[in-house]
Amino acid sequence: MITARGLEKSYGQNKAVDGLSFDIAKGETFGLLGPNGAGKSTTIHLLIGLLRPDRGEVRVMGGDPWIAQTRQQIGVAPQALSLYEELTGQENLTFFAGTYGLSAARIRDRVTWALAFAGLEDRARHRVSTYSGGMKRRLNIAVALVHEPQLLLLDEPTVGVDPQSRNHIFESIEKLQKQGLTILYTTHYMEEARRLCDRIAIVDRGKLLALDTVDGLIRQYGGTSHVVGEVLDCPSNLQLPGKMVEQCLRFASDQPLEEVARLTAGGVRFQTLQINSPDLESVFLKLTGRSLRD
Amino acid sequence: MTLINLALKDLRLLARDRMSAFFVFGFPIMMGLFFGMILGGFSSGTRGKMEIAVIDLDQSPMSKRFVESLQKNDNIKVVTDELEAAKESVRKARRTGLLVIPEKFGESAGIFWEPQPELQLGMDPSRAAESAMMEGFVMQAVAELMGERFRDPSAFLPSISKAKESFLNNESTDAVTKQVGGLFFGSLEAMVNSAGQLQDKTETADGGFAPSLQFANIKPLDISRQLDPDSPEAQVKKIRSRWDISFPQAMLWGILGCIAGFSVSIAKERSQGTLVRLQAAPLSRMQIMLGKALACFLATLLVMVLMVALGLLLKMQPGSYLKLAVVGVCTATCFVGIMMTLSVLGKTEQSVAGVGWAFNMVMAMLGGCMIPVMFMPAIFQKISVISPVRWAILGIEGAIWRDFSWSELFLPMAIMVSVGVVGFAVGTTIMMRRNG
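To start, this report covers the structure provided alongside it.

Calculation notes
- Residues numbered from 1 in each chain as written.
- Chains lettered and ligands numbered in written order.
- Predicted model: local features only at pLDDT ≥ 70, side-chain atom pairs only at ≥ 80, totals over all residues.
- Pairing = 2+ DSSP bridges.
- Helix = DSSP H or I, 4+ residues; strand = E, 2+ residues; numbered from the N terminus.
- Axes fitted to C-alpha atoms, helices over the stretch in contact; angles between N-to-C directions.
- Buried ≥ 20, exposed ≤ 12 C-beta atoms within 10 Å, placed from the backbone.
- Arc of directions from axis to C-beta.
- Contact = placed C-beta atoms within 7 Å.
- Core = buried A, V, L, I, M, F, W, Y, C linked by C-beta atoms within 7 Å.
- Nonpolar A, V, L, I, M, F, W, Y, C, P; charged D, E, K, R; others polar.

What follows concerns the sheet that holds strand β4 (residues 55–60) of chain A. Residues and elements named next belong to chain A. Spatially, β2-β1-β4 is the arrangement adopted by the three strands of the open sheet, whose pairing is antiparallel. The open sheet has two edge strands, β2 (14–24) and β4, and neither has a second partner. Across this sheet, the average inter-strand angle for adjacent strands is 25°, counted without regard to direction.

Quick reminder: α-helices carry 3.6 residues per turn. Residues three or four places apart thus point the same way. Residue and element names in this part refer to chain A. Within helix α7 (residues 214–222) the residues assigned to the buried category are Val214, Leu217 and Gly222. Along the axis of α7, the buried residues cluster in a sector spanning 85°; they form a single face. Here the buried face of α7 lies against α6 (190–196), β8 (199–204), β9 (207–212) and α9 (280–288). With its phi angle positive at about 80°, glycine 223 sits one or two positions after the end of α7.

Residues and elements named next belong to chain B. Ordered in space as β2-β1-β3-β4, the four strands form an open sheet in which the pairing is mixed. This sheet does not close on itself; its edge strands, each paired only once, are β2 (76–80) and β4 (120–123). Averaged over all pairs of adjacent strands, the angle between strand axes in this sheet comes to 25°, irrespective of strand direction. Here strand β1 (residues 50–56) pairs with strand β3 (residues 97–101) via five bridges, running parallel.

This part covers unusual backbone geometry. Residues and elements named next belong to chain A. Non-glycine residue arginine 205 carries a positive phi angle of around 50°. Its location among the elements puts arginine 205 in the loop between β8 and β9. C-beta crowding within 10 Å serves as the criterion here: with 16 such atoms nearby, arginine 205 is assigned to the partly exposed category. Phi at glutamate 246 is positive, roughly 45°, even though this residue is not glycine. Structurally, glutamate 246 is set in the loop between β11 (243–245) and β12 (248–253).

Nonpolar side chains tend toward joint burial in soluble globular proteins. The biggest cluster of nonpolar side chains holds 144 residues, and the ones touching the most others in it are A:Ala142, A:Leu153, B:Leu252, B:Ile259 and B:Cys296. Ranked by residues supplied to this core, first place goes to helix α10 (residues 242–272) of chain B with 15 residues. If near-sequence neighbours (up to four positions away) are discounted, B:Leu252 is found in contact with B:Ala364, B:Cys369, B:Val389, B:Ala392 and B:Ile393. The next biggest cluster of nonpolar side chains, apart from the first, holds 18 residues, and it includes B:Leu70, B:Ile76, B:Leu98 and B:Met134.

Right, let's get into the interface of chain B and chain A. With 20 residues of chain B at the contact, the number on the chain A side is 23 residues. Mapped onto the side of chain B that touches chain A, the elements with two or more residues apiece are α1 (2–16) and α11 (274–280) of chain B. Here the side of chain B that touches chain A is built from residues that sort into seven nonpolar, eight polar and five charged.

Structure follows, in structure tokens:
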């Protein structure tokens, strides 16, 4: 669906995208995970033909996104809310559907669908300026889908959204995944990437640092789990995987659950037990030396 | 279809933005009405009168005739008052001026061999032009008194006899001069007597008014065709209604408001992110720009149609509707092009708005949106050719009241279309390069 090879894009001296290469398969949800300023939005702009790469090549469904026809099958929900505040939700959807050359009857059908998708049927005729942040975000995504694209690009779609709307967005995206839509999802929230993405590309300062499934990334870069337990009883002859100081056992393991099971089978009784498994945050920390939210 | 979709969206946004809609439609109507009322003097019978307080210290029949003469003047509203109250009213700008008629005015006013009484005229210092006009009106009234003297022999003959006697008894006058003076006063007495007899006969025969004694039978001559056709006087002669001159100006204010609003709209699309969506859609950059241009073009035409409609309600009388329509299209083309260039001169709404209004104000001032070009000093009239506003107003006026032929309209129309095409090309090129 998307092929990017050696993409480079600079703004003056600042290299926003530096040699990015990846492929996205049809029906896949592909995550671009990185902190603010990592080059995610620039990458999206290169994929939709908004910017020309300084070097490298992009192909979307085999075509050059710089050509208008190629963009017919792409839907994009930019990070900034890209809506006309003085128009109603329905008018926004109708207008943007019109820019894709849909017939009047098709526009009516798709606008009805999109309003239902965003859960905005009862606010359809209200101006967007009167919507809450979550409603605007949902409409922002609905506008990207109103022309029924094959590829959906979501650039940080949950920024500034309340938990209820965020959950609505997640459920909506999961429905789209089930329908086989190809999705490129950029975020700096690891829990979103973990929940929604089949594969994740970790980017920082325009460079691709790692690309794999969530489990694969954690396995490769996450390191070991850390276990901390308050011990009530411990047989004296049992060999412990770590040090016990004042009835508190601490150890690191690649397979923490199996290790805890071995200890309890050996007669160890825990009062409290805490297992800290590696996550995408740990992966990012390992790869860049800094936190995702830095 | 796509262009219409883009344009309708922009027009809808314009209609929903109250401030922009005011500057496009409300503000020009205000300007049109405001300037129309100011320029009312160009049409007949609608100019405001100067209110003059008259203090008559003489209260003689002649001083009353003098006041009546002033009251007959359509340009003056005469109010009698006390001196101090009159001074106060002028100082507080409630009246334009005051005129004091001195005591013994009636004894010598209008008798050309007597020293003329000293009239005191006090005018509001801020109204210098009207002061000069008022002096002229006073002179006119004094001259009419002179005629009055001849129309009333019973009152005038004693004055002539007294003057004759005084002249002949003057010992310092030589014999020859006395002989000539005696002949003059004798002829004058005979002329005044004849006028009295003629008046008596006419009254007896017809019972009507006596003929006025005139020094010469002068008829008003319309010299407008002999004036320099470019002179303000000659041009003003062609104006049929005050709105003929104020509504072309008002249209341009509306058009300037329109292009100010639309030039900001591209920066606004950029700042609110909708430009990204438009560019991500299967639209070319050219289509996006043409959509903006079409919306601006339609809004500009709408402004002109509304202003013409309002002007017609107020009795504006366009010379040619066809020419007005063609000039309107050229004007819209011109300012759409300017809008396209202005829209890409800044990246933020604030910068575009700043550049746009600075440009618009200079063009409006130079082009005659505030003061008609024909009333500007010569140097400014020459400089004004750089302003598209001037050519637009000239073209619209040409169609409304200047009675331009097609060949006379060609130059302003050609300039406007050229500016429009160049402006569109510059704007589109900059936008494409910026996004490339």
